[in-house]
Amino acid sequence: MVVSISVTGVAAAIKKIQKLGTKKIQKVNATLHKQGFLLESEIKSSIAGQRGEPASVDTGNFLRSVNTKNQFLESTVSTDVSYAKFLEQGTRFMQARKHFENSTKRRRKPIVNAIKNAVK
């Protein structure tokens, strides 16, 4: 399961950001990475049952597996646990818990606003 935050319209966005200078690019990059870590925290809170979704903690392996990887103008939150897709999408025996999807929806507006403010 992967949630990726990246600058869309990359060519136009990067050209616009580059015109603002190196410090602005670094600020946008740092903001994007911070938002990735905040999204990771939101997803982990969801898995732990601290949000609207049912908890998905048995051994703690799924919770511990969620991590953030940052690259230039990109932040990816993911898990390598094979059963994450069943928890996220549900099965015929279990309703979907949507930890990644719902957390992304909750964080979408703050992420967009933070990036807009970094570009200003």
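The preceding data block contains the structure.
The paragraphs below set out a description of the structure included in this document. (Residues numbered from 1 in each chain as written. Predicted model: local features only at pLDDT ≥ 70, side-chain atom pairs only at ≥ 80, totals over all residues. Heavy atoms only, no water.)

1. A short note on the nonpolar core
The nonpolar side chains of a soluble globular protein tend to be buried with one another.
Working step 1: In this structure, Leu39, Ile43, Ile47, Phe62, Val66, Val77, Val81, Ala84, Leu87 and Phe100 together form the largest nonpolar core, which totals ten residues.
Working step 2: Elements that contribute at least two residues to this core include exactly α2 (22-47) and α4 (84-89).
Working step 3: Considering each element in turn, this core owes the most residues, three residues, to α2.
Working step 4: Membership of the second largest hydrophobic core comes to six residues, among which are Leu32, Leu73, Ile111 and Ile115. (Core = buried A, V, L, I, M, F, W, Y, C linked by side-chain atoms within 4.5 Å. Buried < 20%, exposed > 50% of the residue type's maximum accessible area, 1.4 Å probe, protein only. Helix = DSSP H or I, 4+ residues; strand = E, 2+ residues; numbered from the N terminus.)

2. Quick look at the packing of α2 against helix α5 (residues 99-119)
Working step 1: Orientation of α2 relative to α5, taken along the N-to-C sense of each, is 160°, at an axis distance of 9 Å. Taken together, the axes of α2 and α5 lie roughly antiparallel to each other. With respect to the hand of their crossing, α2 and α5 are arranged in right-handed fashion.
Working step 2: Across the contact of α2 with α5, the residue classes break down as 13 nonpolar, seven polar and five charged. (Axes fitted to C-alpha atoms, helices over the stretch in contact; angles between N-to-C directions. Parallel < 35°, antiparallel > 145°, perpendicular 65-115°, else oblique. Left-handed = near helix turned anticlockwise from the far one by under 90°. Nonpolar A, V, L, I, M, F, W, Y, C, P; charged D, E, K, R; others polar.)

3. Some details on the side chain of Glu88
Working step 1: Mapped onto the elements of the fold, Glu88 is located in helix α4.
Working step 2: Nearest to the buried, unbridged Glu88 among oppositely charged side chains is Lys98, at 6.5 Å.
Working step 3: Engagement of the side chain of Glu88 in a polar contact is seen with the backbone nitrogen of Glu101, the distance being 2.8 Å. (Lys, Arg positive; Asp, Glu negative; His and termini not counted. Salt bridge = Lys/Arg side-chain N within 4 Å of Asp/Glu carboxyl O. Polar contact = N/O pair within 3.5 Å; in protein donor to acceptor, adjacent residues only side chain to side chain.)

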